[in-house]
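As a plain string of letters, each chain reads:
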Amino acid sequence: ARVLNGIVGDAWAKIEERHPDVVVSLSGAQQKGRELETAAVATAVARPSSNVTAARWGGDGPAPVLIVGTAAGQVLLYEPVATTGYVQDAESQATLVPFEALDAEDAAENEEDEETEPAGPAPIGAVSAVSQREPNAPCRVVVAAADDARVAVVEVYPSDCEEGPRLQLLTTIEAQSTASAVVLSRDGRWLAVASAENITLHRLPEARMEEEPAALGQISEEAAQEEFDASVAEIAKVAFVLPASGAVPTLHWVFATPMEATSLLVVKPDSHVVAKYGLRADAEDGGAPPLYAAWQMAANVSASCLLQDSDGTNSILALGLASGTVLLWDLQIDMCREVLKRHEKAVSALAVHRHKYLIAGAADGRVHIYDLAAGPNLSPQLIAVRSDLTAPVQDLACLR
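What comes next concerns the included structure. (Residues numbered from 1 in each chain as written. Predicted model: local features only at pLDDT ≥ 70, side-chain atom pairs only at ≥ 80, totals over all residues. Heavy atoms only, no water.)

1. Details of the overall build of the protein chain
Helix and strand content of the protein chain: three helices and 28 strands. Long-range pairs, those at least 24 residues apart, make up 47% of the contacts in the protein chain between residues at least 6 apart in sequence. When the accessible surface of the protein chain is summed, it comes to about 21400 Å², and 49% of that surface belongs to carbon and sulfur atoms. (Helix = DSSP H or I, 4+ residues; strand = E, 2+ residues; numbered from the N terminus. Contact = heavy atoms within 4.5 Å. Areas by Shrake-Rupley, 256 points an atom, 1.4 Å probe, with all protein chains shown as cover.)

Structural data, given as structure tokens:
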């Protein structure tokens, strides 16, 4: 670890000397540098016993969590470890196996001519983002089986919860076909399951929390459990259905306040159109949700990400186009606020860090970092460029 820190320190010193105006400073001591809020060297390494198929970092709050899905069918819970100056091995805090492999009788119904695998854990495919949470309260994540149509809703209890750390299977949903993406809203109340056939939307119950007993209208623990079980049973029912065709779309849930409707943004990579659907809490189930708006872009949308404050007051959808343009779309007024034309090829990946920095990667191998708070009225400023990548940028991720 000491050798690695020395190498990193020397490398950063050379980079700062060559690019004092645009490169983030590791120490923050240089006047022209910009302080880096996160560590540049890994403090812990997670080593699951089998191949990782999906991993999502989230659970905004005092103790963020890492959820890992594996090819052995395990869902693993990791939590940050205290930094001691040495790279540590992160141990999983909890393990859950949500799916068992289908037996011969079940598999024969779908694939009569193929041999079935022996019973055992079914591998994990997609993993949703982790919902936000309050201190000492659980959060939620959704995982999908890799080889069949099962989707599991999992309650995550980090170590600051009274009963944590642990993972608890809330319920399992049978989708119409294998899920290519599962998208959970930030408040954990809505679930979207995308497949080759359609997009199904499901209502989820509120997480159970320990509360002070009310002076009036108090109900028994058994009655409360029955009410919760009834709400869980409703999850399997499809609230709304959207048709799907062509490439699998990217879905974004827009944070809902008590006075406003939840919105679902559907971004299709092979289309010029971005659709916005509204879902009110009192809306009746059945059919397709109401279409609030549809925006026609000048080129195919090749990447997208959502920038949103924790209270939902400011919501910006960043859209990367095949023409190399990045659009910042204000979801409060449903209008484009800013057009960034810097990439020569298609924008292939977008990410946001701390609601302040926008990172855009393109098929030309270039990565641009914009400071969204540098200018007034959402006027992003380019603060860094990386152009030494020899291959197209496929994905970007930022730790919060």
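2. A look at the environment of R47
Relative to the helices and strands, R47 is located in the loop between β3 (44-46) and β4 (52-58). Between the C-alpha atom of R47 and that of A90, which follows or precedes it by 43 residues, the distance is 7.5 Å. Contacts of R47, omitting those with residues within four sequence positions, involve Y78 and D89.

3. Details of the packing of aromatic side chains
As enumerated under the stated definition, the model contains three aromatic pairs in all. Plain terms: the ring middles of W295 and W329 are 5.2 Å apart, the flat faces sit at 40 degrees to each other, and that makes the pair tilted. With W295 in strand β20 (residues 291-296) and W329 in strand β23 (residues 325-330), the pair connects residues that are 34 residues apart, well separated along the chain. The two residues W295 and W329 agree in class, both being buried. Connected via pairs of aromatic rings, a cluster forms that spans W190, F240 and W253. (Phe/Tyr/Trp six-rings, centres within 6.5 Å; stacked < 30°, edge-to-face > 60°. Buried < 20%, exposed > 50% of the residue type's maximum accessible area, 1.4 Å probe, protein only.)

4. Some points on the pattern of salt bridges
Tallied over the full model, the rule gives five salt bridges. R150 is paired through a salt bridge with D148; the nearest N and O atoms lie 2.9 Å apart. Considered together, R150 and D148 belong to a single accessibility category, that of buried residues. A salt bridge links R337 to D330; its shortest N-O distance comes to 2.5 Å. The class of D330 is buried, set by a relative accessible area of 7%. (Salt bridge = Lys/Arg side-chain N within 4 Å of Asp/Glu carboxyl O.)

5. What to know about the sheet that holds strand β15 (residues 198-203)
Spatially, the four strands line up as an open sheet ordered β13-β14-β15-β16, and their pairing is antiparallel. Of all strands in the sheet, those with a lone pairing partner are β13 (181-184) and β16 (240-243), marking the two edges. With strand direction ignored, the average angle separating the axes of adjacent strands in the sheet is 15 degrees. (Pairing = 2+ DSSP bridges. Axes fitted to C-alpha atoms, helices over the stretch in contact; angles between N-to-C directions.)

6. Quick notes on the sheet that holds strand β24 (residues 335-341)
Pairing is antiparallel in the open sheet, where four strands are placed in the order β21-β22-β23-β24. Across the chains shown, the open sheet's two edge strands, defined by having one partner strand only, are β21 (301-308) and β24. Taken pair by pair, the neighbouring strands of this sheet meet at an average axis angle of 20 degrees, ignoring direction. For strand β22 (residues 315-321) and β23, the ladder comprises five bridges, and the chain directions are antiparallel. What sits directly across from A318, in β23, is L328.

7. A look at the nonpolar core
Ranked by internal contacts, the top residues of the largest apolar core, which has 20 residues, are I67, V143 and L167. Contributions of two or more residues to this core are made by β5 (65-70), β6 (75-78), β8 (94-96), β9 (124-127), β10 (139-145) and β11 (150-157). For this core, the leading source of residues is β10, giving four residues. Each residue touching I67, except ones within four places of it in the same chain, is listed here: A54, A55, R56, V75, L76, L77, V127, V130, V141, V156 and L167. Ranked by size, the runner-up nonpolar core spans 18 residues in total, among them L201, W253, V266 and A275. (Core = buried A, V, L, I, M, F, W, Y, C linked by side-chain atoms within 4.5 Å.)

8. Focus: the environment of A247
In this structure, A247 sits in the loop between β16 and β17 (250-254). For the pair formed by A247 and S271, sequence separation is 24 residues and the distance between their alpha carbons is 9.1 Å. Not counting residues up to four positions away in its chain, the partners in contact with A247 are P269 and D270.

9. Examining the pairing of β23
Along β23, six of the six residues are buried, which leaves the element largely enclosed by surrounding structure. Where burial is concerned, the two faces of β23 agree: the one with T325, L327 and W329 and the one with V326, L328 and D330 are both buried. The hairpin turn running from β22 into β23, its antiparallel successor, is three residues long, and G324 in that turn takes a positive phi close to 95 degrees. Note that β23 and β24 share six bridges and pair antiparallel. Bridge pairing links D330 to M335 in β24. Counting the residues between successive antiparallel strands, the hairpin from β23 to β24 contains four residues, one of them, D334, with a positive phi of roughly 55 degrees.

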